[in-house]
Amino acid sequence: MKKNVVISLSGGMDSSTLLLRCLSEYDQVTAISFDYGQKHRVELERAQSLVSYLNSEGHFIKYQVIKLDGLVNLLNSNLVEGGDDVPEGHYAEENMKATVVPNRNKIFASLVQAVALSEANANGNDTDIALGIHAGDHAIYPDCRQEFRDADDAAFRIGNWDAEKVGYFTPYLEGDKFDILKDGEVLCNELRLDFNEVYSRTNTSYKPIQIDGEWYSDYKSASSVERIEAFIKLDRPDPVRYADETGIVHWTKAKSHVLDVLNEYENE
């Protein structure tokens, strides 16, 4: 096994699966989450819940939430508190640009790079940065493009002594969200974890709905549509609970809606 890795843990399906992959391949795992005033802040609760579950199963993770919520009133995005409603539909639609948070991945990358280099210098071991980037990342998010990653990494190496101690771990670069979920199923078996316990502790919804103090995922925003599509392909129900403006809904209703969205998109 390799030594140390630092992962940005959003609380979503991709980074949570990546966390499992890191536990499988590294001796020491550090996970960092960011509170930047996102409307779907429930993802931070899910990330903490997942870390607690994994620790209880014998998989230790060094975990910390970094608060950046002082930015919320300064950011122009539908994804943060105070912004307009998050649009619904398919990721390929033009209105999804409203979910871009300016420079978000650059902000996150700078902090993760700082932590990874600090750990490498403190421990005397080379340290990787784990990224959940995949072929399904969308052109609508420029900071998910490889040219951004390359330029950002070049700036990191120009601006820091000993930056050669930091590498990258990108196991899903050639796959998509379905491939990530398939790997999650394999990893749950390998690490002796309950699949439903893991994925019920994730949030992919950009428009979570609170009912009687409990949070439920929507099934109409693009992030939810993409997640549900992956579960449909895996042929197993999503353990996350879903709701809409009428109240709590069964998985079959969420699944049916997404199948309709996908069919409409493919026929355009």
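Colleague: Would you explain the pattern of salt bridges in this entry?
Modeller: Under the defined criterion, the tally for this structure stands at 18 salt bridges. In this structure, the salt-bridge partner of Glu197 is Arg201, at a minimum N-O distance of 2.4 Å. Each of the salt bridges in this network shares a partner with another, and the network as a whole consists of Asp35, Arg41, Lys67 and Asp69.

Colleague: Sorry if this is basic, but what is going on with the packing of aromatic side chains here?
Modeller: The way to describe two aromatic rings as a pair is by their centre distance and the angle between their planes. Throughout the structure, instances matching the rule amount to 7 aromatic pairs. Relative to Phe169, the ring of Tyr26 lies with its centre 5.4 Å away and its plane at 70°, an arrangement referred to as edge-to-face. With Tyr26 in strand β2 (residues 26-35) and Phe169 in strand β5 (residues 166-169), this residue pair connects regions lying 143 residues apart in the sequence. According to the relative accessible area criterion, Tyr26 is buried, its value standing at 3%. The exposure class of Phe169 is buried, given its relative accessible area of 9%. Geometrically, the ring pair formed by Phe34 and Phe108 is stacked, given 4.3 Å between the ring centres and 5° between the ring planes. On the criterion of sequence distance, the pair formed by Phe34 in strand β2 and Phe108 in helix α3 (residues 104-123) is long-range, its members being 74 residues apart. Taken individually, Phe34 and Phe108 each receive the classification buried, so the pair is uniform in this respect.

Colleague: Is there a simple way to explain the sheet that holds strand β1 (residues 2-8) in this structure?
Modeller: Hydrogen bonding along the main chain pairs the strands of a sheet, whether they run parallel or antiparallel. Pairing is parallel in the open sheet, where 5 strands are placed in the order β3-β2-β1-β4-β5. Each end of this open sheet is capped by a strand with a single partner; those strands are β3 (62-67) and β5. Between one strand and the next, the sheet's axes are offset by a mean angle of 25°, whatever the strand orientation. Across 6 bridges, β2 lies against β3 in parallel orientation. Directly across from Phe34, in β3, lies its bridge partner Ile66. This element, helix α1 (residues 13-25), spans β1, β2, β4 (127-130) and β5 of the sheet and lies at about 160° to β2. Set on the sheet, α3 makes contact with β1, β2, β3, β4 and β5; between it and β2 the angle comes to about 150°.

Colleague: Which parts of the structure should I look at to understand the packing of α3 against helix α4 (residues 146-158)?
Modeller: Working note: a packed helix pair is described by the angle between its axes plus the distance between those axes. One way to put it is that α3 packs onto α4 with a least axis distance of 11 Å and a crossing angle of 45°. Between α3 and α4, the crossing angle belongs to the class labelled oblique. Read as a crossing pair, α3 and α4 show a hand that is right-handed. Where α3 abuts α4, its residues Asn105, Lys106, Ala109, Gln113 and Leu117 lie against Phe148, Arg149, Asp152 and Phe156.

Colleague: Whenever I open this one, the environment of His59 confuses me. Can you help?
Modeller: On the secondary structure map, His59 appears in the loop between α2 (42-56) and β3. Placed 164 residues apart in sequence, His59 and Ser223 show a C-alpha to C-alpha distance of 28 Å. Setting aside residues up to four positions removed in sequence, His59 forms contacts with Leu23, Leu54, Leu191 and Leu193. Within the local environment of His59, its side chain forms a polar contact with the backbone oxygen of Leu191, the two atoms lying 3.3 Å apart.

Colleague: Would you mind going over the side chain of Arg149 with me for this structure?
Modeller: Relative to the assigned elements, Arg149 resides in helix α4. Contacts of Arg149, omitting those with residues within four sequence positions, involve Asn105, Leu131, Ile133, Asp143 and Cys144.

Colleague: Would you explain unusual backbone geometry in this entry?
Modeller: A negative phi angle is the norm for most residues apart from glycine, just as the trans form is the norm for most peptide bonds. In this structure, Asp162 takes a positive phi of about 65° despite not being glycine. Among the secondary structure elements, Asp162 is positioned in the loop between α4 and β5. On the basis of relative accessible area, Asp162 is assigned to the partly exposed category, the value being 32%. Even without glycine at this site, Asp212 takes up a positive phi of about 50°. For Asp212, the location among the structural elements is in the loop between β6 (209-211) and β7 (214-216). The class of Asp212 is exposed, set by a relative accessible area of 78%.

What counts and how
- Residues numbered from 1 in each chain as written.
- Predicted model: local features only at pLDDT ≥ 70, side-chain atom pairs only at ≥ 80, totals over all residues.
- Heavy atoms only, no water.
- Salt bridge = Lys/Arg side-chain N within 4 Å of Asp/Glu carboxyl O.
- Phe/Tyr/Trp six-rings, centres within 6.5 Å; stacked < 30°, edge-to-face > 60°.
- Helix = DSSP H or I, 4+ residues; strand = E, 2+ residues; numbered from the N terminus.
- Buried < 20%, exposed > 50% of the residue type's maximum accessible area, 1.4 Å probe, protein only.
- Pairing = 2+ DSSP bridges.
- Axes fitted to C-alpha atoms, helices over the stretch in contact; angles between N-to-C directions.
- Contact = heavy atoms within 4.5 Å.
- Parallel < 35°, antiparallel > 145°, perpendicular 65-115°, else oblique.
- Left-handed = near helix turned anticlockwise from the far one by under 90°.
- Polar contact = N/O pair within 3.5 Å; in protein donor to acceptor, adjacent residues only side chain to side chain.

Read these as geometric descriptors, not functional statements.
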